[in-house]
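Geometric and topological summary
Residues per chain, in single letters:
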Amino acid sequence: MEEVRSLLTAYVTEDEPPLGLAGDRVLAAARRSRRQHLLTGAAAVAVVVLALGLAVVVLPDRGSVAGPSCPSGSTREALAERLSCVVAGAVRPLLAPDARISPGSFAVVADPVGDAPREADFRTHIRVTDARGTGSVTVVLYPTPNSATPSCVPGESISCSVERLPQGTLQLTTDQSTGALVHRAALSAPWGYVAVSSSDSGEPERKDLHTPSQRPEPTLTLDQVRQVALTPGLAF
Amino acid sequence: MNLPGPPRTNKGVSRDVDFSEYFAARVQRFRRVAFALSGDWHAAEDLVQAMFVQLYRRWRRVRPATVDAYARRILLNLFLAGRRGAGREHVTPSVPERESPPGRDPSLRLDVERALAGLTPRQRAMVVLRFLEDLPVSEVATLLGVAEGTVKSQTARGVGALRVALPAPATEES
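A brief report on the enclosed structure follows. Here the structure is a predicted model, which means the values were calculated and not measured.

The rules behind each value
- Residues numbered from 1 in each chain as written.
- Chains lettered and ligands numbered in written order.
- Predicted model: local features only at pLDDT ≥ 70, side-chain atom pairs only at ≥ 80, totals over all residues.
- Heavy atoms only, no water.
- Disulfide = S-S within 2.5 Å.
- Helix = DSSP H or I, 4+ residues; strand = E, 2+ residues; numbered from the N terminus.
- Patch = residues over 30% accessible without salt bridge, like charges linked within 9 Å, V, L, I, M, F, W, Y side chains within 5 Å.
- Areas by Shrake-Rupley, 256 points an atom, 1.4 Å probe, with all protein chains shown as cover.
- Salt bridge = Lys/Arg side-chain N within 4 Å of Asp/Glu carboxyl O.
- 1 Å grid on protein atoms, 1.4 Å probe; cavity = no way out; pocket = protein on both sides within 12 Å on 5 of 7 lines; lining within 4 Å.
- Points joined across faces, edges and corners; volume = space filled by probe spheres on them.
- Nonpolar A, V, L, I, M, F, W, Y, C, P; charged D, E, K, R; others polar.
- Core = buried A, V, L, I, M, F, W, Y, C linked by side-chain atoms within 4.5 Å.
- Buried < 20%, exposed > 50% of the residue type's maximum accessible area, 1.4 Å probe, protein only.
- Contact = heavy atoms within 4.5 Å.
- Polar contact = N/O pair within 3.5 Å; in protein donor to acceptor, adjacent residues only side chain to side chain.
- Buried area = accessible area lost by both parts, 1.4 Å probe.
- Expected span 1.5 Å × (residues − 1).
- Arc of directions from axis to C-beta.
- Phe/Tyr/Trp six-rings, centres within 6.5 Å; stacked < 30°, edge-to-face > 60°.

1. Description of the state of the cysteines
Residues and elements named next belong to chain A. Per the counting criterion, the structure on display carries one disulfide over all chains. In this model, C70 is linked to C85 through a disulfide, with the two sulfur atoms separated by 1.9 Å. For the disulfide bridge between C70 and C85, the dihedral angle about the S-S bond is near -85°, and by the sign convention the bridge is left-handed. On the criterion of sequence distance, the pair formed by C70 in the loop between α2 (23–58) and α3 (76–91) and C85 in helix α3 is long-range, its members being 15 residues apart.

2. Some points on a nonpolar patch on the surface
Together, L50(A), L54(A), V56(A), V57(A) and V58(A) make up an exposed nonpolar region whose accessible area comes to about 520 Å². If you trace the backbone, V58(A) turns up in helix α2.

3. Concerning empty space enclosed by the protein
Residue and element names in this part refer to chain B. Across all of its chains, the model carries one cavity of 30 Å³ or more by this definition. By volume, the largest cavity is sized at about 30 Å³. Taken together, V33, L37, R72, L75, L76 and L129 make up the full set of residues lining the largest cavity. Within the residue set of the lining of the largest cavity, elements represented by two or more residues are α1 (12–38) and α3 (67–85). If one sorts the elements of the lining of the largest cavity by residue count, α3 sits on top with three residues. Across the lining of the largest cavity, the residue classes break down as five nonpolar, no polar and one charged.

4. Description of the nonpolar core
If you look at the biggest cluster of nonpolar residues, it comprises 59 residues, and the most contacted ones within it are F52(B), L55(B) and L162(B). A total of 10 residues in this core trace back to one element, the largest contributor, which is α1(B). Once residues within four sequence positions are removed from consideration, L162(B) is found in contact with V4(A), L7(A), L8(A), V112(B), A115(B), L116(B) and V127(B). Counting residues in hydrophobic clusters, the runner-up holds 35 residues, among them A90(A), L172(A), V225(A) and L230(A).

5. Side note on the environment of R57(B)
Checked against the element boundaries, R57(B) lands in helix α2 (residues 41–57). The partly exposed category is assigned to R57(B), whose relative accessible area is 29%. Within the local environment of R57(B), its side chain forms a polar contact with the side chain of S33(A), the two groups lying 2.9 Å apart.

6. Focus: the pattern of salt bridges
Inspection of every chain in the model, using the stated rule, returns 20 salt bridges over all chains. Close ionic contact of R5(A) with D134(B) constitutes a salt bridge, the shortest N to O distance being 2.5 Å. Within this pair, whereas R5(A) is found in helix α1 (residues 2–13), its partner D134(B) is found in the loop between α5 (121–132) and α6 (137–144), the two belonging to separate chains. We classify D134(B) as partly exposed; its relative accessible area is 48%. Through salt bridges with shared partners, one network takes in R26(B), R29(B), D68(B), R72(B), E133(B) and E139(B).

7. Some details on the interface of chain A and chain B
Taken together, the contacts link 29 residues of chain A with 44 residues of chain B. A combined buried area of about 3400 Å² lies between chain A and chain B, and 66% of that area is made up of carbon and sulfur atoms. Of all residues in chain A, the largest losses of buried area upon contact with chain B belong to M1(A), L7(A) and Y11(A), amounting jointly to 22% of the total for that side. Inspection of the chain A/chain B interface yields five salt bridges. For E16(A), the salt bridge goes to R31(B), with nearest N and O atoms at 3.1 Å. Our enumeration of links across chain A and chain B arrives at 10 residue pairs in polar contact (both at pLDDT 80 or more). Going through the elements one at a time, α1 and α2 of chain A are the ones with two or more residues in the side of chain A that touches chain B. Per-element accounting of the side of chain A that touches chain B gives the leading share, 10 residues, to α1(A).

8. Some remarks on α1(A)
Residue and element names in this part refer to chain A. Taking 1.5 Å of rise per residue, the 12 residues of α1 would be expected to cover 16 Å, and the 16 Å separating its terminal C-alpha atoms lies within 8% of that figure. Inspection of α1 places V4, L7, L8, Y11 and V12 among the buried residues, and these make up the whole buried set. Down the axis of α1, the buried side of the element spans an arc of 120°, and every buried residue falls inside it. One or two positions beyond α1, positive phi appears at D15, with a value near 65°.

9. So, the packing of aromatic side chains
Residues and elements named next belong to chain B. What the rule picks out here adds up to 10 aromatic pairs over all chains. Note on F30 and F52: the rings are 6.4 Å apart at their centroids and 75° apart in plane angle, and the pair reads as edge-to-face. On the criterion of sequence distance, the pair formed by F30 in helix α1 and F52 in helix α2 is long-range, its members being 22 residues apart. A residue is classified by how much of its surface remains accessible, and F30, at 0% relative accessible area, is buried. One aromatic cluster is present, built from ring pairs that chain together F19, Y22, F23, F30, F52, Y56 and W59.

These values are about where atoms sit, not about what they do.
Here it is in structure tokens:
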């Protein structure tokens, strides 16, 4: 292999032109390049910081949409699990410290109405028992557009009001037509429909059936029901 | 030989002095390697300048013991990236006629150029690193990210092509 080495060495040394590179010019070019490199890096960092800052300022509620601990996923089971987490995060802080819930969790159940994971009626009914008696909280979600529109027909035992909000149309109702007093907030939004109700009875509402009152007032006030209905994490 | 390397202090002036000393000590050697890779002195100087510019960015962080290897890696990457960029360039074994200094065999030089031009960029890089830079097979394999066996087989092909340019029949490597 020596002959190959000699051949290559001769190839690069014989007929070698004078060096055209000057140290000071290369150093100056290197300095310029380094400066530009640092500036580009700094600009990239600034853009990222700016974007994060904007995200924090412009989307202040997004951080608490579902809470960082709520799971995500695209299957129907994962959606139900996420909604359970969101409902628990929204309702639990509003209950009395001594309140006991039945079942033991805010489990949301999905009743399929189509093949896609979101094509389902998601609902949960929680009995809440505290020192004042037993009441309940019910959440119903139809995550398909135009799936339901709340109607407001005031009567002897029903009062209602309607709010036009950026999220959609919100109807607040206080209903005692079946015996128990029920506060209800129903939001009809572009993404679908959510209704949150709270009753002074632990029994689920049944149309035309008398529901016994089991505490002096519903578990949640009308304002609290409204607050839960507008929880951003409920929106699909 | 005590070659200058990256500074052990963080002072910018010291950095530039050390870098300039390293440039002066190494520029010719790297220019020859770049010429052996590219076959063109202008392209070789462009490659070497780009190499030193990139090296300067990392000058503080490169250890003195590895600065040559790091510089060589930059040079090789620049060469291979440039060849990829010129992927549709037609490579021909024929080279332009040039005047040769008196007393030299111009046909030998042309034969070497033809032999090198007939190699793929990676084969050429392997031959140059093995026989001009005297790097062991393992280091060439690491630099090019290939197996040692690949370096051996590709280098053998390159050497076979170069032997055609030898003035007399060469003996096999023992």
